[in-house]
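# A closer look at the structure
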Amino acid sequence: ASAEPLLSVNNIEVIYDDVILVLRGVSLAVPQGEIVTLLGPNGAGKSTTLKAISGLLRTENGKVTRGDIRFMGEPIANAAPESIVRRGIFQVMEGRRIVEDMTVIENLRLGAFTRTDGARAQRRDIDMVLDYFPRLRERTGLAGYLSGGEQQMLAIGRAMMARPRLILLDEPSMGLSPLLVKEVFSIIRTLNRELGITLLLVEQNARMALGAASFGYIMESGKVVMDGSAPALMDNEDVKEFYLGGG
Ligand code: ATP
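- The protein chain is annotated in an unreviewed UniProt entry as ABC transporter ATP-binding protein from Pararhodospirillum oryzae.
- What UniProt records for the protein chain under Sequence similarities (unreviewed entry) is the sentence "Belongs to the ABC transporter superfamily."

Spelled out as structure tokens, the structure:
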């Protein structure tokens, strides 16, 4: 008998502006302690799926109109984003939305906005995050001056400050050099292994994502069209052709 997954998305439909149907019955499961990846072409609905889970859909006038989302057994579809953060889900948005005219430390503090455990615990966590991202420790100026890779690290570090159980990561490799992509993925695996953080990872870079994940889902036009263990997907001929560039 398998335990209930940490997160389950059950046949959800999502509509923007009351008329634009974008997700047409999406289901997926994320077990505790795993890295799961969501792949697919532009416009397939991957970001929308993450926003449905984090509640950020609301800020774009989107709504889950069918199906349900359960986190630790509790329904969370259409709940307020802040209440979802309090339950332990933190989304790192696409395009690393750090606050450019704040320092690294100030950005990190923002991640702790729902915590009530006091300044000392938060200072300790800032130190822990900076141990994971030693480059950021050296950057004392404004976050706007960080390189793209450093900003992505800061965005992930800010998520860590919320002490989440589940991080939703939207295209962490976007705009990064191959070397930095490797570095960011190595950090993702370390967070999973050492801190036990569960991750749901949206990626264009299918090779890196399937290398880090244990399980994957492939979306097209608002639906999941294929799923499987990461090794099985990497071996699949269609996945090889369309997502792994031949090889
Ligand atoms: P990408 O990799 O380009 O971000 P994606 O798979 O993440 O693609 P989504 O961003 O979820 O896809 O977009 C899915 C569809 O929903 C697209 O057709 C997009 O135009 C539409 N869409 C996204 N956000 C909104 C919005 N706020 N209002 C209306 N339509 C939207």
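## Side note on the overall build of the protein chain
- A count of helices and strands for the protein chain gives ten helices and ten strands.
- Taking 18 Å as the expected radius of gyration for a compact globule of 247 residues, we find that the protein chain reaches 18 Å, a close match to that expectation.
- Seen through its C-alpha atoms, the protein chain measures out along the principal axes to roughly 45 × 40 × 40 Å.
- Taking all 247 residues of the protein chain together, the buried fraction comes to 50%.
- A separation of at least 24 residues holds for 67% of the contacts in the protein chain among residues at least 6 apart in sequence.
- Carbon and sulfur atoms form 49% of the exposed surface of the protein chain, whose accessible area is close to 11,400 Å².
- Here the protein chain contributes 28 positively and 30 negatively charged side chains, and the mean placements of these two sets differ by 5 Å.

## Re a positive patch on the surface
- A grouping of R109, R120, R123 and R124 is seen on the molecular surface, where their side chains present a positively charged patch.
- Considering each element in turn, the positive patch owes the most residues, three residues, to helix α4 (residues 118–132).
- Positionally, R120 belongs in helix α4.

## A look at the environment of S27
- Following the sequence through the fold, S27 ends up in strand β2 (residues 20–30).
- As for S27 and S8, which are separated by 19 residues in sequence, their C-alpha atoms are 7.4 Å apart.
- Aside from chain neighbours lying at most four places away, what touches S27 is V9, N10, N11, Y217 and V224.
- A polar side-chain atom of S27 sits 2.7 Å from the main-chain amide nitrogen of N11.

## What to know about unusual backbone geometry
- One non-glycine residue, N78, lies in positive phi territory at about 65°.
- Within the secondary structure, N78 sits in the loop between β5 (74–75) and α2 (81–87).
- Positive phi, normally seen in glycine, also occurs at R163, with a value near 50°.
- Tracing the sequence through the fold places R163 in the loop between α6 (148–160) and β7 (166–170).

## Some remarks on the pattern of salt bridges
- A full pass over the atoms with the stated rule returns 15 salt bridges.
- In this structure, D68 engages R70 in a salt bridge whose closest nitrogen and oxygen atoms are separated by 3.1 Å.
- Judged by its relative accessible area of 24%, D68 is partly exposed.
- The partner of D127 in a salt bridge is R137, with the nearest N and O atoms 3.4 Å apart. Placement of D127 in helix α4 and of R137 in helix α5 (residues 134–137) is noted, with a sequence separation of ten residues between them.
- Residue classification places D127 among the partly exposed residues on the basis of a relative accessible area of 39%.
- Each of R135, E138, R139, E150 and E183 takes part in a single network of salt bridges with overlapping partners.

## Notes on the site of the ligand
- If you check the shell around the ligand, you find 15 residues, and the closest are G43, G45, K46, S47 and T48.
- The separation between an oxygen atom of the ligand and a polar main-chain atom of G45 is 2.8 Å.
- Contacts to the ligand include E171, whose side-chain N or O atom sits 3.2 Å from an oxygen atom.
- With the chains in place, 68% of the 630 Å² that the ligand exposes on its own is no longer accessible.
- Contributions of two or more residues to the shell around the ligand are made by β2 and α1 (46–54).

## Some words on the nonpolar core
- If you look at the biggest cluster of nonpolar residues, it comprises 48 residues, and the most contacted ones within it are L108, F133, L136, L154, L169 and I188.
- Those residues within four positions of F133 in sequence are excluded, and the remaining contacts are M153, I156, G157, M160 and I187.

## Quick notes on the sheet that holds strand β9 (residues 215–220)
- Sheet architecture is open: six strands sit in the order β6-β7-β8-β3-β9-β10, paired in mixed fashion. Unpaired on one side and paired on the other, β6 (89–92) and β10 (223–229) mark the two borders of the sheet. Between one strand axis and the next, the sheet turns by 15° as a mean value, whatever way the strands run.
- Here strand β3 (residues 35–39) runs beside strand β8 (residues 198–202); their pairing, made up of four bridges, is parallel. Counterpart to T37 in the pairing with β8 is L201.

Basis of the calculations
- Residues numbered from 1 in each chain as written.
- Predicted model: local features only at pLDDT ≥ 70, side-chain atom pairs only at ≥ 80, totals over all residues.
- Heavy atoms only, no water.
- UniProt positions renumbered as here; feature names shortened; annotations may be inferred.
- Helix = DSSP H or I, 4+ residues; strand = E, 2+ residues; numbered from the N terminus.
- Rg over C-alpha atoms; globule rule 2.2 N^0.38 Å.
- Buried < 20%, exposed > 50% of the residue type's maximum accessible area, 1.4 Å probe, protein only.
- Contact = heavy atoms within 4.5 Å.
- Areas by Shrake-Rupley, 256 points an atom, 1.4 Å probe, with all protein chains shown as cover.
- Lys, Arg positive; Asp, Glu negative; His and termini not counted.
- Charge placed at Lys NZ, Arg CZ, Asp CG, Glu CD.
- Patch = residues over 30% accessible without salt bridge, like charges linked within 9 Å, V, L, I, M, F, W, Y side chains within 5 Å.
- Salt bridge = Lys/Arg side-chain N within 4 Å of Asp/Glu carboxyl O.
- Polar contact = N/O pair within 3.5 Å; in protein donor to acceptor, adjacent residues only side chain to side chain.
- Near = heavy atom within 4 Å.
- Core = buried A, V, L, I, M, F, W, Y, C linked by side-chain atoms within 4.5 Å.
- Pairing = 2+ DSSP bridges.
- Axes fitted to C-alpha atoms, helices over the stretch in contact; angles between N-to-C directions.

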